[in-house]
Each structure stands twice: as structure tokens, then as C-alpha cells.
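# Chains, contacts and geometry: an overview
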Amino acid sequence: MGKRLIVAEKPSVGRDIAKVLGCRERADGSIIGETDIVTWAVGHLVEQCYPEDMDDKYKEWKKEDLPIFPDPFKLKVSQSSEKQFGIIKALMHDPEVNRIVCATDAGREGELIFRYIYQMAGCSKPVDRLWISSLTYSAIKSGFENLKSSSDYDDLYQSAKCRAEADWLVGINGSRAFAISNEKYGLSVGRVLSPTLAILVNRELAILLL
């Protein structure tokens, strides 16, 4: 009989899940039980590549290179998280592991974190989804008794992927265009950041004019 690999979003959640599943053997970046192995991400282990990661020509910011439209968007392992990613990838490819459980946070970003790791690891093993809104013992236990199909959350993943790519397109191109046009480097333009800043500025101006 094979083992399940449960991938949580953070170590604290992994420990809570391990207690419920009876996993007690501590290993580097995981906790092992008789039938389950619990491991965890540390936030975004996998992230989108920057332009300069894809082509050296983008190391220099030039107007004629804009806009930049990756096709497809490429991913890379976060430099600060290479060790934990390596642990998860090795566990995903462990011959004893025959099934994966996505136990990242129940939401758009949690879905994206897991899918990026799964994709970057080159894993093709079947995936179930743990969908819970509480980390109490009873909630976790009930969640594992009622695991969902990963495919039920494909639309949520696509939504998260769309958000991430929109942020990249606006942030990368907008920041470079602003810097080049104004010769002010180090300032950021963002899909959410810039409209929010505009709201604050307009409100401050309104107060000053009262």
C-alpha cells in the first residue's frame, strides 16, 4: 500500500495536520506517519520569472523592449526556498507516494501556491483537495473524511493565475515605462498599488482644500 503526501501551506499548519493524521516521525521539512507524509511550503516556493530571467537583453531597461508579453509565462524556484522545494519535489517523486493531497489554504492564493509547486516539480500523480476553513482537530478530521477532487478547483486556479499574470504585466511594464520616461528608478507601478495610491492622494488633497 502506498502513502499519501499532504502539502500544507506553512509549517504550523503542517504540524496541526500531522497531529490529526497521527504522523509523528520528524524529518527534514516533513513529518512522517504509517500511511501519510506531511510537508509544507513556506509561502510562494515557486514564482514567476522576471524579464531578465528569460532573456539577458531585458537586464537593461529600454523603451523599445516594451511592452513585454511572456508567451508562455515562465516559473522559477524562489532562491530563498530552494531547499524546501527540493524536499517537496523528492517526496512527490518518491515511489512509495501514490497520491497527493493539496492542503494549502482554502482560497485563490493557496490554490496557486500548490499548483505552481506541482507543475514545477513535474508531478503527475493524482491529487485530492482538502478544503477547510478552520484548523481545529474536528475540522481537519472532517476535511480528510470528505476530500474533494482537485479538478473541482480548476477555475479557482485559473482565476489566481490570471490575477498573477495581470499583476506581472502591469507591474513590470508599468514600472519600467514610468522609470524610463521620468528617469526615476526604484519606484513601482502596480495593478492595485497605483489606484490605491491615487485614492489616498486625492483624499489628502481634498482634506487640504477644505
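This text follows the structure it describes.
Below, the structure is looked at part by part.

Basis of the calculations
- Residues numbered from 1 in each chain as written.
- Predicted model: local features only at pLDDT ≥ 70, side-chain atom pairs only at ≥ 80, totals over all residues.
- Heavy atoms only, no water.
- Pairing = 2+ DSSP bridges.
- Helix = DSSP H or I, 4+ residues; strand = E, 2+ residues; numbered from the N terminus.
- Contact = heavy atoms within 4.5 Å.
- Axes fitted to C-alpha atoms, helices over the stretch in contact; angles between N-to-C directions.
- Parallel < 35°, antiparallel > 145°, perpendicular 65-115°, else oblique.
- Patch = residues over 30% accessible without salt bridge, like charges linked within 9 Å, V, L, I, M, F, W, Y side chains within 5 Å.
- Areas by Shrake-Rupley, 256 points an atom, 1.4 Å probe, with all protein chains shown as cover.
- Salt bridge = Lys/Arg side-chain N within 4 Å of Asp/Glu carboxyl O.
- Buried < 20%, exposed > 50% of the residue type's maximum accessible area, 1.4 Å probe, protein only.
- Core = buried A, V, L, I, M, F, W, Y, C linked by side-chain atoms within 4.5 Å.
- Nonpolar A, V, L, I, M, F, W, Y, C, P; charged D, E, K, R; others polar.
- Polar contact = N/O pair within 3.5 Å; in protein donor to acceptor, adjacent residues only side chain to side chain.

### Points about the sheet that holds strand β9 (residues 148-149)
In spatial order, the strands read β2-β3-β4-β1-β7-β8-β9; together these seven strands make up an open sheet with mixed pairing. With partners counted over all chains shown, the strands left at the sheet margins are β2 (25-27) and β9, one partner each. Across three bridges, the pairing between strand β3 (residues 30-32) and strand β4 (residues 36-40) is antiparallel. In the strand pairing of β4, S30 is matched with T39. Across the sheet, helix α1 (residues 11-21) is in contact with β1 (3-8), β2, β3, β4 and β7 (97-103); its angle to β4 comes to roughly 165°. Its contacts with the sheet put helix α3 (residues 82-92) on β1, β3, β4 and β7, and the angle it makes with β4 is roughly 155°.

### As for the packing of α1 against helix α5 (residues 137-145)
In the contact formed by α1 and α5, the axes pass within 10 Å of each other and the chain directions differ by 70°. Looking at the two axes, α1 sits roughly perpendicular to α5. Contacts from D16, I17, K19, V20 and L21 of α1 reach α5 at Y137, I140, K141 and F144.

### Here's the deal with unusual backbone geometry
Residue P67 is bonded to the preceding L66 through a cis peptide linkage, with omega at -5°. Among the structural elements, P67 can be located in the loop between α2 (51-54) and β6 (75-77). Here the residue pair D71 and P72 is connected by a cis peptide bond, since its omega of 0° sits within 30 degrees of zero. Within the secondary structure, P72 is located in the loop between α2 and β6.

### Notes on a nonpolar patch on the surface
On the surface, L197, L200, V201, L205, L208 and L209 cluster together to form a nonpolar patch covering roughly 630 Å² of accessible area. Positionally, L200 belongs in helix α7 (residues 193-208). The exposure class assigned to L200 is exposed, which follows from its relative accessible area of 56%.

### Some thoughts on the nonpolar core
Counting 27 residues, the largest nonpolar core has L5, M92, I100, F114 and I117 as its most contacted members. Those elements giving two or more residues to this core turn out to be β1, α3, β7, α4 (108-120) and α6 (154-182). Looking at this core element by element, the count peaks at six residues for α4. In this structure M92 touches L5, V7, I100, F114, I117, Y118, A121, C123 and K125, once residues within four positions along its chain are discounted. A18, V101, I132 and I140 belong to the second-largest nonpolar core, a separate cluster that totals 16 residues.

### Remarks on the packing of α4 against α6
In contact at an axis separation of 8 Å, α4 and α6 are set at 90° when each is read in the N-to-C sense. Between α4 and α6, the crossing angle belongs to the class labelled roughly perpendicular. For the pair formed by α4 and α6, the contact residues are R108, E109, E111, L112, R115, Y116 and Q119 on the first element and D154, L156, Y157, S159, A160, K161, R163 and A164 on the second. When its residues are assigned to classes, the contact of α4 with α6 shows six nonpolar, two polar and seven charged.

### Points about the side chain of R115
Looking at the element boundaries, R115 is found in helix α4. A polar contact of 2.9 Å, which involves the side chain of R115, links it to the side chain of E111. In terms of polar contacts, R115 uses its side chain to reach the backbone carbonyl oxygen of S150, at 3.1 Å. Dropping the residues within four chain positions of it, R115 is found in contact with S150, Y153, D154 and Y157.

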